[in-house]
Amino acid sequence: DGGITQSPKYLFRKEGQNVTLSCEQNLNHDAMYWYRQDPGQGLRLIYYSQIVNDFQKGDIAEGYSVSREKKESFPLTVTSAQKNPTAFYLCASRPTGAKNIQYFGAGTRLSVL
Amino acid sequence: AQSVSQHNHHVILSEAASLELGCNYSYGGTVNLFWYVQYPGQHLQLLLKYFSGDPLVKGIKGFEAEFIKSKFSFNLRKPSVQWSDTAEYFCAGISSNTGKLIFGQGTTLQVKP
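Residues numbered from 1 in each chain as written. Chains lettered and ligands numbered in written order. Predicted model: local features only at pLDDT ≥ 70, side-chain atom pairs only at ≥ 80, totals over all residues. Heavy atoms only, no water.

(A) Molecular detail of the interface of chain B and chain A. Counting from both sides, the interface comprises 17 residues of chain B and, opposite them, 19 residues of chain A. When chain B packs against chain A, the two sides together hide about 1600 Å² of surface, and 58% of this comes from carbon and sulfur. Our enumeration of links across chain B and chain A arrives at zero salt bridges. Between the two partners, chain B and chain A, sit four residue pairs in polar contact (both at pLDDT 80 or more). (Contact = heavy atoms within 4.5 Å. Buried area = accessible area lost by both parts, 1.4 Å probe. Salt bridge = Lys/Arg side-chain N within 4 Å of Asp/Glu carboxyl O. Polar contact = N/O pair within 3.5 Å; in protein donor to acceptor, adjacent residues only side chain to side chain.)

Below, the structure is given as structure tokens:
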């Protein structure tokens, strides 16, 4: 099946721990995005990548890091510097020339122990 | 600052009632506007989109939205809601100036059977 796969579905983080959220897509999309969803705040852009080996900070990048070594993969690391990591994280991708339509994964819910 | 705002955060309706969810944007350049829906436990899905042309756009499941440039609005409508329309609805826009997708805060719709 084609699509965007996020794993795990649920993740728990201990104090001072870094955790990595996986996002894989087999849609051959060039651009990928990470959003954070909090109640009453909609989706906020963390990082995005237009092409392999390149990525840009979004609106709330502090405490997060990403890599884009392969077109299919865009993992997000939530570092210990992110003091309020509890949220729902959504990955999205967009094909070139699709007039900015983004397609979303099912999300990962991160909680702090 | 570029922004997308949704007026209603939580809407409760009875089945067969008419729905209108407000959305306003504040940025310049070419405007692309979207409504996404997130059903409980499911992916964020595209409901409808506006790029250009007819300002009244039809989406899936009987939804429509009207782009009114003079009011900077893109309200979502449905003449008669069903219990299965219970979900969270997000308005989003992208400016050709920045290329980033900006989401509104979201509106939770609860339809009572």
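(B) Broad picture of the packing of aromatic side chains. Using the criterion set out here, one finds 17 aromatic pairs over all chains in the structure. Relative to Phe-103 of chain B, the ring of Phe-104 of chain A lies with its centre 6.0 Å away and its plane at 75°, an arrangement referred to as edge-to-face. Of the two residues, Phe-104 of chain A is situated in strand β10 (residues 103–104) and Phe-103 of chain B in strand β11 (residues 101–103); the pairing between them involves two chains. In this structure Phe-104 of chain A comes out as buried when scored by relative accessible area, which is 5%. Judged by its relative accessible area of 7%, Phe-103 of chain B falls in the buried class. Taken together, the ring pairs in this structure connect Tyr-33, Tyr-35, Tyr-48 and Phe-104 of chain A together with Phe-34, Tyr-36, Phe-51, Phe-90 and Phe-103 of chain B into an aromatic cluster. Geometry around Phe-74 of chain A places Arg-68 of chain A over its ring, the cationic atom sitting 6.0 Å from the centre. (Phe/Tyr/Trp six-rings, centres within 6.5 Å; stacked < 30°, edge-to-face > 60°. Helix = DSSP H or I, 4+ residues; strand = E, 2+ residues; numbered from the N terminus. Buried < 20%, exposed > 50% of the residue type's maximum accessible area, 1.4 Å probe, protein only. Lys NZ or Arg CZ within 6 Å of the ring centre and 35° of its normal.)

(C) View of the sheet that holds strand β7 (residues 64–66) of chain A. Residues and elements named next belong to chain A. Sheet architecture is open: four strands sit in the order β1-β3-β8-β7, paired in antiparallel fashion. A single partner strand is all that each edge strand has here, and the edge strands are β1 (4–7) and β7. Put simply, the sheet's adjacent strands are angled 20° from each other on average, direction ignored. Note that β1 and strand β3 (residues 19–25) share four bridges and pair antiparallel. Along β3, the bridge assignment pairs Ser-7 with Ser-22. (Pairing = 2+ DSSP bridges. Axes fitted to C-alpha atoms, helices over the stretch in contact; angles between N-to-C directions.)

(D) Spatial organisation of the pairing of strand β9 (residues 73–78) of chain B. All names here are of chain B. Of all the six residues making up β9, five are buried; the element is thus mostly covered by neighbouring parts of the structure. Pairing of strand β3 (residues 19–21) with β9 involves three bridges; the strand directions are antiparallel. Bridge pairing in β9 places Leu-19 opposite Lys-78. Between strand β8 (residues 64–68) and β9, which pair antiparallel in sequence order, lie four residues; one of them, Phe-72, sits at a positive phi of approximately 50°.

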